[in-house]
Amino acid sequence: MEASTASYVEALERLSLFADLPHPQVEALAHSFGEEVFAEGQRVIRQDVTGGGFYVILEGEAKVVIDGQERARLHRGDFFGELSILTDEPPAADVIATSLLRCLIIPDNELKAFLLKQPTVAYRMLQIEARRLRAANVWNG
Amino acid sequence: MERLAERPFPPGEYDVVVVGSGPGGLQTAYSLARTGIPRCAAISRDPAPGGMFRRFPVYQRLISWTKPDAPFDRGTREYEWYDHNSLVGHEREHRALAPEFMDRAFDVPARAEMESALVAFAERGGVRVRYDCEWLSTRRDDAGFVLETSDGEYRCRVCVFAIGVTEPWIAPIPGLETASHYVATNAPERYQGKSVFIVGKRNSGFEVAQGLLPWARRLVLGSPRPVDTAMLAFSPLSIRYLSPYTEHVRGGSGSYVIDAAIERVERLGDGYRIQASGTTWEGRMELVCDEVIAATGFRAPVRDLPTLGVAMVNDGRMPAQTPYWESLSVPGIYFAGNVTQASTGLRKHGATSSSGSVNGFRYNARVLAGHIAEHHFGIRPERRRLDADELVPHLIAELARAPELWIQKGYLARAVAVEDAGGFRDEGIVPLADFVDRDGADACGVAVEYDADGTIIPVVYVRRAGRLTEHALPSHPLHDFDTDEHRRQIAGCLAPLLQSKVGTSLG
């Protein structure tokens, strides 16, 4: 289907990950990559199952579960699935919706081209990963 | 037509009510009638079967193929892989009806041929529908749902909406509402000698552009997303509608395809002015033209379902669904037909299902009928039992030839459960996402999938002691998965299940 409504484009524009994208590029993003909705309890990505995408939460919450143990909570603006795509390995965790969850999805085989075309998004992503890494180090250390 | 002229299913109480008489509704009603659920009704606002194919495509030719002659005989299960337009019958005389009506001018049917095949399916398959009965509104009651219709109230435990994705949807671009929608472009002579801007460049955009090529003076197709030529090469569109794009790539002879976010459409005297910003190029553009056509797609005519709590997706255009095509947010409301494309499955490596066309959703509807029977009415179909030595040949045969797996790649799977008493039990065709996410019992499933490079491969999933493992098997240059090597590898994947069986039976 062609074209988007204002709401999907607006939801994308509100996320810090895409804050540096000019409006026409957000429109192109909305047209290129659709949204997906998950019910509470539904799995979004699956530990050890290949081919998962990159997800950005537009609305709702999810939990990260490794071997049945909850490790983290994810909220609007958070993203997941990128580590598995960047390392070319199956996901190391399940991500499970804990409410009605609305996400933007970029398929694994399109993420690289998208980030190379939109370096400001790649830079924002790196900043967020760096913060996560620092938080993890503080936690461990 | 006498049977169709009857008006069955008066308002009242039913177990299941199906709304719609397009291919999705007909397949669902046909398959439900064979499950043993006692009271299934079907209603439709149309006067006759066929759904969207009573009117669309505007230019009267489908883009999905049917090969009247194929390596397998019509009416066999294997033939379905060569015939993407017929509904699927339980009895042989209801199968492979689309090729009967084709004049073989093309390998894709004309609209009228498709419509005739659907009418024939309804007649020969005894699909009863109350026509001219329009669903108007919906509410819940203690036992399920109440559908208010033009004929009165239908109460049911479960309802299935097979209502198509046919309501013209105009993108919220200021001024675009003054343009014609794709559905109103069926008189191409109206565009003779005119300069036409088409907003949108997916199926309907290219279809209308192709239709206007012999008439219009200049055609410009515009939307933010660039055309993906690699994908387009394998798109059903490539069969018929790509001349405007070919002209553009060769330097244009009046046809242009541009990547731009359309910001505004304004009336300007007898014509229009379009303001747009480039997405794959920098800058803005202003274009003046005689006519604007909005080919921005369609939405499902869901009426008041969102107010009942049905969550929507794709900018509110389609209901969000579980792997079994149930509303994510309102249990008991199911969907069939084209709209099941919004139940996306695992989307491994971004692969999409074929649920947006007849070849895919005919299987979804059949699986759905069985699911409703079992889940809501406790009716389990007879399941084939398999001995340990039958398991590998069974799965190999499915991977090699099952039309459900080949058409719904990475979406539908063949599942087999391990029986407590020893041996195995075929569980039929199931959504792959459901199989992968199920908890518990030992089982295996097979699917045909695309790998990360787009190569078609067989994949085996094994659940053992609550843990799922995924095994990608080798591709084959002729897509022949019925080889000794595949047999050997599948046996290797299944070894934990087979060994545990031996252990059980010896113990």
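Residues numbered from 1 in each chain as written. Chains lettered and ligands numbered in written order. Predicted model: local features only at pLDDT ≥ 70, side-chain atom pairs only at ≥ 80, totals over all residues.

On to the overall build of chain B. What chain B contains, in helices and strands, is 12 helices and 23 strands. Over its C-alpha atoms chain B spans a radius of gyration of 24 Å, differing by no more than 12% from the 23 Å that the globule rule assigns to 507 residues. Burial status across chain B gives 49% buried among its 507 residues. For chain B, contacts bridging at least 24 residues in sequence account for 62% of all contacts bridging at least 6. (Helix = DSSP H or I, 4+ residues; strand = E, 2+ residues; numbered from the N terminus. Rg over C-alpha atoms; globule rule 2.2 N^0.38 Å. Buried ≥ 20, exposed ≤ 12 C-beta atoms within 10 Å, placed from the backbone. Contact = placed C-beta atoms within 7 Å.)

When helices and strands are counted, chain A shows five helices and eight strands. Listing the helices and strands of chain A from first to last along the sequence gives α-α-β-β-β-β-β-β-α-β-β-α-α. Against the globule reference of 14 Å for 141 residues, chain A gives a C-alpha radius of gyration of 15 Å, in line with a compact fold. Dimensions of chain A, computed from C-alpha atoms along their principal axes, come out at roughly 40 × 30 × 25 Å. Residues counted as buried form 43% of the 141 residues belonging to chain A.

Note: interface size is frequently given as the accessible area lost on complex formation between the parts. At the interface, 32 residues of chain A touch 36 residues of chain B. Here the side of chain A that touches chain B takes seven residues from helix 2 (residues 23-32) of chain A, the largest share from any one element. Of the residues assigned to the side of chain A that touches chain B, the class counts are 11 nonpolar, 12 polar and nine charged. (Nonpolar A, V, L, I, M, F, W, Y, C, P; charged D, E, K, R; others polar.)

Attention shifts here to unusual backbone geometry. Residues and elements named next belong to chain B. Here the residue pair Phe-56 and Pro-57 is connected by a cis peptide bond, since its omega of 0° sits within 30 degrees of zero. With respect to the helices, strands and loops of the structure, Pro-57 is situated in the loop between strand 2 (40-43) and helix 3 (111-124). Notably, Arg-104 is not glycine yet its phi reads approximately 65°, a positive angle. A tally of 8 C-beta atoms within 10 Å means that Arg-104 is categorised as exposed.

A few words on the domain arrangement of chain B. Segmenting chain B into domains produces domain 1 (2-165 + 301-377), domain 2 (176-296) and domain 3 (385-506). Centre-to-centre, using C-alpha coordinates, domain 2 of chain B lies 46 Å away from domain 3 of chain B. (Domains from an automatic or database assignment.)

Residues and elements named next belong to chain B. Spanning 20 residues, helix 8 (residues 358-377) covers 27 Å between terminal C-alpha atoms, matching the ideal 28 Å at 1.5 Å per step. The buried count for helix 8 comes to 16 of 20 residues, which makes it a mostly enclosed element. Gly-378 sits one or two positions beyond helix 8 and adopts a positive phi of about 65°. (Expected span 1.5 Å × (residues − 1).)

Next up on the list: the environment of Arg-43 of chain A. Residue placement: Arg-43 of chain A occurs in strand 2 (residues 43-45). The exposure class assigned to Arg-43 of chain A is partly exposed, which follows from the 18 C-beta atoms found within 10 Å. Residues Arg-43 of chain A and Ile-85 of chain A lie 42 residues apart in sequence; the distance between their C-alpha atoms is 18 Å. Apart from the residues lying within four places of it in its own chain, the contact partners of Arg-43 of chain A are Asp-94 and Ile-96 of chain A together with Asp-437 of chain B.

All names here are of chain B. Residues of chain B with pLDDT of at least 70 account for 95%, and the chain-wide mean is 92. Within the model, the stretch residues 502-507 combines pLDDT values under 50 with two contacts to residues more than four positions away or in other chains. Among the prediction metrics, the complex's ipTM stands at 0.91, with pTM recorded as 0.92. (pLDDT = per-residue confidence, 0-100.)

Quick look at the sheet that holds strand 1 (residues 35-38) of chain A now. Taking strand neighbours across the sheet as the criterion, the four strands line up as 1-8-3-6 (chain A) in an open arrangement whose pairing is antiparallel. Looking along the sheet, the strands with just one partner apiece sit at the ends: strand 1 and strand 6 (79-80) of chain A. (Pairing = 2+ DSSP bridges.)

The next point concerns the sheet that holds strand 4 (residues 62-66) of chain A. All names here are of chain A. Spatial ordering of the open sheet is given by 2-7-4-5, a layout of four strands whose pairing is antiparallel. Here the strands that pair on one side only, and so sit at the sheet edges, are strand 2 and strand 5 (69-74). In this sheet, neighbouring strand axes are inclined to one another by 35° on average, regardless of whether the strands run parallel or antiparallel. Relative to strand 7 (residues 94-97), strand 4 runs antiparallel, the two sharing four bridges. (Axes fitted to C-alpha atoms, helices over the stretch in contact; angles between N-to-C directions.)

Let us look at the pairing of strand 3 (residues 54-59) of chain A. Residues and elements named next belong to chain A. By the criterion of burial, strand 3 is predominantly enclosed, with five of the six residues buried. Here strand 3 runs beside strand 8 (residues 101-106); their pairing, made up of five bridges, is antiparallel. Its bridge partner being in strand 8, Ile-57 is matched across the sheet by Cys-103. Where strand 3 lies against strand 6, two bridges are found, and the strand directions are antiparallel.

Moving on, we get to the confidence of the model for chain A. On average, chain A scores 91 in pLDDT, and the residues at 70 or more come to 93%. Counting interchain partners and residues more than four positions distant, the pLDDT-below-50 stretch residues 1-5 of chain A has 27 contacts.

Looking now at the packing of helix 2 (residues 23-32) of chain B against helix 8 of chain B. Residues and elements named next belong to chain B. In the contact formed by helix 2 and helix 8, the axes pass within 8 Å of each other and the chain directions differ by 35°. Considering how the two elements wind past one another, helix 2 and helix 8 form a crossing that is right-handed. Two secondary-structure elements touch here, helix 2 through Pro-23, Gly-24, Gln-27, Thr-28, Ser-31 and Leu-32 and helix 8 through Val-358, Phe-361, Arg-362, Ala-365, Arg-366, Leu-368, Ala-369 and Ile-372. Of the residues belonging to the contact of helix 2 with helix 8, the class tally is eight nonpolar, four polar and two charged. (Left-handed = near helix turned anticlockwise from the far one by under 90°.)

Before going further, it helps to examine the pairing of strand 3 (residues 135-141) of chain B. Within a regular strand, side chains alternate between the sheet's two faces. All names here are of chain B. Relative to strand 4 (residues 144-149), strand 3 runs antiparallel, the two sharing six bridges. What sits directly across from Arg-139, in strand 4, is Val-146. Between strand 3 and strand 4, which pair antiparallel and follow one another directly, the connecting turn spans two residues.

Residue and element names in this part refer to chain B. Structurally, Pro-71 is set in the loop between strand 2 and helix 3. With 9 C-beta atoms packed within 10 Å, Pro-71 lands in the exposed category. Sequence-wise, Pro-71 and Tyr-82 are 11 residues apart; in three dimensions their C-alpha atoms are separated by 8.7 Å.

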